[in-house]
Amino acid sequence: MPINVTPIPTLDDRINDIRMRTARIINEEILPHEEELWRTRRSTNVTDEDRAASEKLRASIKSKVKDEGLWAPHLPLEYGGMGLDFLAHAYMNEILAYGVGAASLFGVVAPNSGNQSILVKYGTEEQKRKWLLPLIEGTMESGFSMTEPENAGSNPRSLKTTAVREGDEWVVNGHKWFTSNGIDADFFIVMCRAEDATGELGRSGQMVQIIVPTDTPGVTIVRGIGIWGSRSSDHCEVVYDDVRVPVDNALGQVGDGHRAAQDRLGAGRIFHCMNSIGQMWRAFDLMVERTLTREVHGGLLKDMQFTQGAIADSLMDVQSARLMTIDAAEKVDRADPQARTAISAIKVFVPAAYSRVADRAIQIWGAAGVSNDLPLAGMYLTARTLRLADGPDEVHRILMAKNVLRHYESGGTWNFSA
Ligand SMILES: Cc1cc2nc3c(=O)[nH]c(=O)nc-3n(C[C@H](O)[C@H](O)[C@H](O)COP(=O)(O)OP(=O)(O)OC[C@H]3O[C@@H](n4cnc5c(N)ncnc54)[C@H](O)[C@@H]3O)c2cc1C
């Protein structure tokens with residue numbers, strides 16, 4: 001079933017044009033070929049020819065996306081991207097994410113896209129040449145290595161991995177896990193606590209992100225951690241044991257680490273939510289479509305009132321999630337002081353709404369809902385995972401409440417109309 005997109009009268013022509021062209025690629029180039037595109041994910045019984053055919057098809061769609069000028073919406077024009085603001089990107093993403101795995105065909109896939117954005121913002125010319133350009137060209141892969149097994153990821157200030165300055169080198173020691181894309185990555189951006197020989201930097205708790213090529217001696221990929229019942233994944237446990245890299249591999253200044261991580265995660269949270277909305281839209285269409293034809297107990301599902309409740313609740317979930325996300329994107333674009341609160345709000349609300357919609361769609365499809373024949377099971381697991389990744393719900397709820405309370409404590413109130 002194609003995604004149903006029409007121009008929105010209140011939006012400018014530029015965004016509507018991007019929306020309509022994105023929808024055309026999704027409907028004509030991606031949805032009809034989803035099975036061929038991703039069969040290596042869906043079945044273990046895949047021949048080398050199948051693999052090569054999928055790869056060829058993906059390459060051909062990517063080149064059509066580039067010809068349409070729809071490649072890498074998150075990157076500035078000078079790096080071959082679209083140079084979109086968050087609002088335009090939000091409107092584009094809710095459409096492109098309707099296609100399973102389509103984000104990668106539009107050149108915007110985590111963790112590479114997040115790493116590209118911080119390299120654009122904090123990288124030196126040399127770092128951009130060495131790491132950013134190959135990442136954009138697709139000749140390199142990357143990971144972002146922040147979370148540690150022994151320390152709370154929900155409080156990044158508790159991270160213990162150190163980078164000690166010794167002459168012209170940083171010496172990195174630490175233990176990370178859930179470094180996504182770790183199997184294929186050529187380099188990691190590693191969140192470290194900076195120290196020098198006197199321990200002075202360490203005392204002030206300054207964080208720094210260090211670029212570490214994965215083939216540097218002392219980097220050990222211990223395992224791809226199995227998640228959701230799978231035996232392994234590309235979310236890796238990594239040990240850094242006296243890993244020496246040139247001092248120029250620091251991204252930004254010592255002390256920029258937290259800010260760079262927040263920049264990365266703030267943008268990442270909006271992108272994840274925008275993607276979730278496209279997927280909710282797809283789950284919604286799949287659910288409603290099924291109710292029109294499936295007979296149970298002598299009637300069609302569409303005529304059963306439990307089913308109608310599921311449709312109505314899902315409609316409210318999708319629309320409230322997308323309006324909140326559009327609002328957050330607008331606030332980020334105009335540097336509104338409430339932007340951070342709006343990002344935390346969608347970071348909590350959207351994955352929960354996405355879980356509910358995927359859950360209802362699975363229920364309506366019955367056994368087929370959890371099968372690999374449909375994308376619903378994958379959506380359900382993704383939605384649940386998103387309640388943890390990029391900061392768990394609780395941390396964002398606390399941030400929202402503190403921001404609201406600050407207004408009232410200083411004699412003001414909350415402005416919902418801002
Ligand atoms: C699939 C996946 C991919 C990931 N990819 C990456 C990656 O590429 N790079 C990376 O660095 N990390 C990655 N992560 C890690 C993720 O960012 C962390 O899991 C997350 O930040 C939470 O940290 P933690 O797991 O250490 O949980 P903890 O900090 O130990 O928190 C555990 C639980 O405590 C609760 N909690 C926390 N604070 C409070 C509070 N104040 N009040 C009440 N309860 C609270 C929450 O329920 C939370 O889930 C990934 C995680 C997953 C699941």
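Residues numbered from 1 in each chain as written. Predicted model: local features only at pLDDT ≥ 70, side-chain atom pairs only at ≥ 80, totals over all residues.

### Description of the overall build of the protein
From N to C terminus, the protein includes 15 helices and 10 strands. Since a compact globule built from 418 residues should have a radius of gyration of about 22 Å, the 22 Å found for the protein is in line with a globular shape. For the C-alpha atoms alone, the extent of the protein along its principal axes is close to 80 × 65 × 40 Å. (Helix = DSSP H or I, 4+ residues; strand = E, 2+ residues; numbered from the N terminus. Rg over C-alpha atoms; globule rule 2.2 N^0.38 Å.)

### Considerations on the packing of helix α10 (residues 257-293) against helix α11 (residues 305-333)
For the pair α10 and α11, the least separation of the axes is 10 Å and the interaxial angle reads 160 degrees. Relative to α11, the element α10 is oriented roughly antiparallel. The two elements α10 and α11 cross, and the hand of that crossing is left-handed. Note on element contacts: α11 touches α10 through Thr 307, Ile 311, Ser 314, Asp 317, Val 318, Ala 321, Arg 322, Thr 325, Ala 328, Ala 329 and Val 332, opposite Ile 270, Cys 273, Met 274, Ile 277, Met 280, Trp 281, Phe 284, Met 287, Val 288 and Thr 291. Residues that form the contact of α10 with α11 fall into these classes: 15 nonpolar, four polar and two charged. (Axes fitted to C-alpha atoms, helices over the stretch in contact; angles between N-to-C directions. Parallel < 35°, antiparallel > 145°, perpendicular 65-115°, else oblique. Left-handed = near helix turned anticlockwise from the far one by under 90°. Contact = placed C-beta atoms within 7 Å. Nonpolar A, V, L, I, M, F, W, Y, C, P; charged D, E, K, R; others polar.)

### Observations concerning the pairing of strand β1 (residues 142-145)
Covered by surrounding structure in β1 are Ser 142 and Phe 144 together with Gly 143 and Ser 145, the residues of both alternating faces. Sheet topology places β1 next to strand β4 (residues 187-195); four bridges connect them, and they run parallel. Within β4, the residue paired with Ser 142 across the bridge is Phe 187. (Buried ≥ 20, exposed ≤ 12 C-beta atoms within 10 Å, placed from the backbone. Pairing = 2+ DSSP bridges.)

### Some thoughts on the environment of Glu 55
Within the secondary structure, Glu 55 sits in helix α4 (residues 48-67). You can call Glu 55 exposed: it has 12 C-beta atoms within 10 Å. A C-alpha to C-alpha distance of 28 Å links Glu 55 and Val 120, two positions 65 residues apart in sequence.

### Overview of the domain arrangement of the protein
Partitioning the protein into domains gives domain 1 (13-109), domain 2 (142-251) and domain 3 (258-409). Relative placement of domain 2 and domain 3: their C-alpha centres are 31 Å apart. Every contact between the two is made by eight residues of domain 2 and, on the other side, seven residues of domain 3. Of the residues assigned to the side of domain 2 that touches domain 3, the class counts are six nonpolar, two polar and no charged. (Domains from an automatic or database assignment.)

### Structural notes on the site of the ligand
The ligand sits among 22 residues. The nearest are Met 146, Ala 152, Gly 153, Ser 154 and Ser 180. For the shell around the ligand, the elements supplying multiple residues, two or more each, are β1, β3 (169-179) and α15 (393-409). Looking at the shell around the ligand, the element that brings in the most residues is α15, giving three residues. Residue classes in the shell around the ligand are distributed as 11 nonpolar, nine polar and two charged. (Near = placed C-beta within 6 Å.)

### Some details on the pairing of strand β7 (residues 236-246)
Bridge count between β3 and β7: eight bridges; the pairing is antiparallel. Paired with His 175 across the bridge in β7 is Val 239.

### Quick word on the packing of α10 against helix α14 (residues 376-385)
Put simply, α10 and α14 touch, their axes get as near as 11 Å, and they point 140 degrees apart. Of the possible angle classes, the one that applies to α10 and α14 is oblique. Taken as a pair, α10 and α14 cross one another with a handedness that is left-handed. On α14, the residues touching Ser 276, Gln 279, Ala 283 and Leu 286 of α10 are Leu 376, Met 379 and Ala 383. Counted by class, the contact of α10 with α14 contains five nonpolar, two polar and no charged residues.

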